[in-house]
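What follows is each chain in one-letter form.
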Amino acid sequence: LAKTTQPISMDSYEGQEVNITCSHNNIATNDYITWYQQFPSQGPRFIIQGYKTKVTNEVASLFIPADRKSSTLSLPRVSLSDTAVYYCLVGDDSGGYNKLIFGAGTRLAVHP
Amino acid sequence: DAMVIQNPRYQVTQFGKPVTLSCSQTLNHNVMYWYQQKSSQAPKLLFHYYDKDFNNEADTPDNFQSRRPNTSFCFLDIRSPGLGDAAMYLCATSRGQENEQYFGPGTRLTVT
């Protein structure tokens, strides 16, 4: 299982774009990159998933370089409500046994 | 509409007194997971069911058991809770073994 490395914490201000980078040097061919968000006293919530290049949804964008050894979650124009822990995970989404291993995550604090 | 429901949200039990946490889902997903999350730590997978097939993580203590009587319900039984078992217990579901898991709000367990 590929291990992920993320910054422990980040600070930002309302209205700014936030980019959180995750390293996954030993990602496997079948692994997808998935990001979750967790607010205090709540379960994690799926944000976005990608395999390569760029993925965008209504919440975030995910940038994945050609070698796939890292990925960057981009949150456009953050607000105070984006203060949360963000987890980067890699896992096989091809139908084989999939176990999500949560790393330490990145604590994002958005300030007024 | 609630999709993954956990009851109760808060549970207090005494040291050594068996306790059962429950999870139900309205998504008709094949897979149900139980995670343990201690304060300021990442969620840790305890076990999961793929339909009726039970998959235990190697480092999950024997003190933790699970039952899945039907597709919609899954239970976590802690046979003899210790002080170290105080944590948030998260239930999640997924369609097949995809990376997108739907988490419930969690049950916070206190052991006195």
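Chemist: Help me out: how do you make sense of the overall build of chain B in this one?
Modeler: Regarding its fold elements, chain B presents zero helices and eleven strands. When the helices and strands of chain B are read in sequence order from the N terminus, they spell out β-β-β-β-β-β-β-β-β-β-β. Radius of gyration (C-alpha) of chain B: 13 Å, near the 13 Å computed for a compact globule of 112 residues. Along the three orthogonal principal directions, the C-alpha set of chain B runs to about 35 × 30 × 25 Å. In chain B, which comprises 112 residues, the share counted as buried stands at 50%. Counted over contacts in chain B with a minimum sequence separation of 6, partners at least 24 positions apart contribute 56%. For chain B, the accessible surface area stands at approximately 5400 Å², while carbon and sulfur atoms represent 47% of it. Distance between charge centres in chain B, computed from 10 positive and 10 negative side chains, equals 7 Å.

Chemist: Would you mind showing me how to read the sheet that holds strand S8 (residues 73-78) of chain B here?
Modeler: Strands pair in a sheet through their backbones, by hydrogen bonds, and they do so in one of two ways: parallel or antiparallel. Residues and elements named next belong to chain B. Taken in spatial order, the four strands make up an open sheet running S1-S3-S8-S7, and their pairing is antiparallel. Whereas interior strands pair on both sides, the edge strands pair on one side only; in this sheet they are strand S1 (4-7) and strand S7 (64-67). Adjacent strand axes in the sheet meet at a mean angle of 20 degrees when their direction is disregarded. Inspection of the sheet shows strand S3 (residues 19-25) paired to S8 by six bridges, in the antiparallel sense. Note that in S8 the partner of Thr20 across the bridge is Asp77.

Thresholds, definitions, all that
Residues numbered from 1 in each chain as written. Chains lettered and ligands numbered in written order. Predicted model: local features only at pLDDT ≥ 70, side-chain atom pairs only at ≥ 80, totals over all residues. Heavy atoms only, no water. Helix = DSSP H or I, 4+ residues; strand = E, 2+ residues; numbered from the N terminus. Rg over C-alpha atoms; globule rule 2.2 N^0.38 Å. Buried < 20%, exposed > 50% of the residue type's maximum accessible area, 1.4 Å probe, protein only. Contact = heavy atoms within 4.5 Å. Areas by Shrake-Rupley, 256 points an atom, 1.4 Å probe, with all protein chains shown as cover. Lys, Arg positive; Asp, Glu negative; His and termini not counted. Charge placed at Lys NZ, Arg CZ, Asp CG, Glu CD. Pairing = 2+ DSSP bridges. Axes fitted to C-alpha atoms, helices over the stretch in contact; angles between N-to-C directions.

This is a description of form; function is not addressed.
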